[in-house]
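Spelled out, the chains give:
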Amino acid sequence: MKIKKYIILLTAAITLVAGSSFDPASATQEYILKAAFLYRFTDYIDWGNTNTGDDFTIAVLGRSAITPPLIDIAKEKKAQGKRIVIKEYNDVNDIGACQVVFVSNNYQPGIETVVSKLSDKPILVVAEQPDACAKGADINFLLSENKLKFEININAAAGAGLKISSQLLQHAILVNTP
């Protein structure tokens, strides 16, 4: 049953990228869509030869409503051909080996600390904080005109050794920092 739910949600996510809007007051819907997007991002990122090990680990930094839908996805899906493991952390210094770090909007001290700790590692940093890409995150979710959108910092991703597919870039707001 859950796989049907996520197929519907992925269809909704694709529709959102194409420009449809949704009710931003619905936090549950917002985080289900963010989880679906985050999962789909893994299909369009190349970690190179650094994505080794048996598991594909997504770290959630700070308490977030994204964790339950990510756990549901992890029960039924794989990323990069590997079992998905979701781990929650309150401190960036506690994060071990992972491929993705999701930085929640309530994580303090903020995205700058995460970027300074992880920017040279092949870890995709996905945030939901104001100006996160301008501050060095690879991908940032934002709400604009009642639409869920995402921006990508190509330079930050390249600096971490990540290659982002043009298929994903064509749907993003591109942000580059010097």
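This write-up is about the structure you can find in this document. Worth saying up front: this structure is predicted, and the values here are computed from it rather than measured.

### Things to note about unusual backbone geometry
Logical step 1: The phi angle at Asp 131 is positive, at roughly 60°, despite the residue not being glycine.
Logical step 2: By the secondary structure assignment, Asp 131 is in the loop between β6 (124-127) and β7 (139-144).
Logical step 3: Phi at Glu 145 is positive, roughly 55°, even though this residue is not glycine.
Logical step 4: You can see Glu 145 is positioned in the loop between β7 and β8 (147-153).

### A closer look at helix α4 (residues 111-118)
Logical step 1: Within α4, the full set of buried residues consists of Ile 111, Val 114, Val 115 and Leu 118. With its buried residues spanning 95° around the axis, α4 presents them on a single face.
Logical step 2: Residues of α4 that are buried in the fold lie against β2 (55-61), β5 (100-103) and β6.

### Let's talk about the environment of Ala 97
Logical step 1: Structurally, Ala 97 can be placed in the loop between β4 (82-89) and β5.
Logical step 2: The exposure class of Ala 97 is exposed, given its relative accessible area of 73%.

### Quick word on the sheet that holds β5
Logical step 1: Overall, mixed pairing links the eight strands, which are arranged β3-β4-β2-β5-β6-β7-β8-β10 in an open sheet. Sheet topology places β3 (78-79) and β10 (173-175) at the edges, where each strand pairs with a single neighbour.
Logical step 2: Sheet topology note: the β8/β10 ladder contains three bridges and is parallel. The residue of β10 that forms the bridge with Ile 152 is Leu 174.
Logical step 3: In this fold helix α3 (residues 67-76) packs onto β2 and β4, with an angle of close to 160° to the strand it touches most, β4.
Logical step 4: Across the face of the sheet, α4 comes into contact with β2, β5 and β6 while running at roughly 175° to β6.

### Topic: the side chain of Glu 128
Logical step 1: Within the element layout of this structure, Glu 128 appears in the loop between β6 and β7.
Logical step 2: A residue is classified by how much of its surface remains accessible, and Glu 128, at 7% relative accessible area, is buried.
Logical step 3: Side-chain polar atoms of Glu 128 contact the backbone nitrogen of Asn 105, separated by 2.9 Å.
Logical step 4: When near neighbours in sequence (up to four residues on either side) are disregarded, Glu 128 contacts Glu 30, Tyr 31, Lys 34, Ser 64, Phe 102, Val 103, Ser 104, Asn 105, Asn 140 and Phe 141.

### Here's the deal with the environment of Thr 67
Logical step 1: Its location among the elements puts Thr 67 in helix α3.
Logical step 2: Linking Thr 67 and Phe 102, residues 35 residues apart in sequence, is a C-alpha distance of 9.7 Å.
Logical step 3: Among residues more than four places away in sequence, those in contact with Thr 67 are Val 60, Ile 86 and Glu 88.
Logical step 4: Within the local environment of Thr 67, its side chain forms a polar contact with the side chain of Glu 88, the two groups lying 3.2 Å apart.

Parameters at a glance
Residues numbered from 1 in each chain as written. Predicted model: local features only at pLDDT ≥ 70, side-chain atom pairs only at ≥ 80, totals over all residues. Heavy atoms only, no water. Helix = DSSP H or I, 4+ residues; strand = E, 2+ residues; numbered from the N terminus. Buried < 20%, exposed > 50% of the residue type's maximum accessible area, 1.4 Å probe, protein only. Arc of directions from axis to C-beta. Contact = heavy atoms within 4.5 Å. Pairing = 2+ DSSP bridges. Axes fitted to C-alpha atoms, helices over the stretch in contact; angles between N-to-C directions. Polar contact = N/O pair within 3.5 Å; in protein donor to acceptor, adjacent residues only side chain to side chain.

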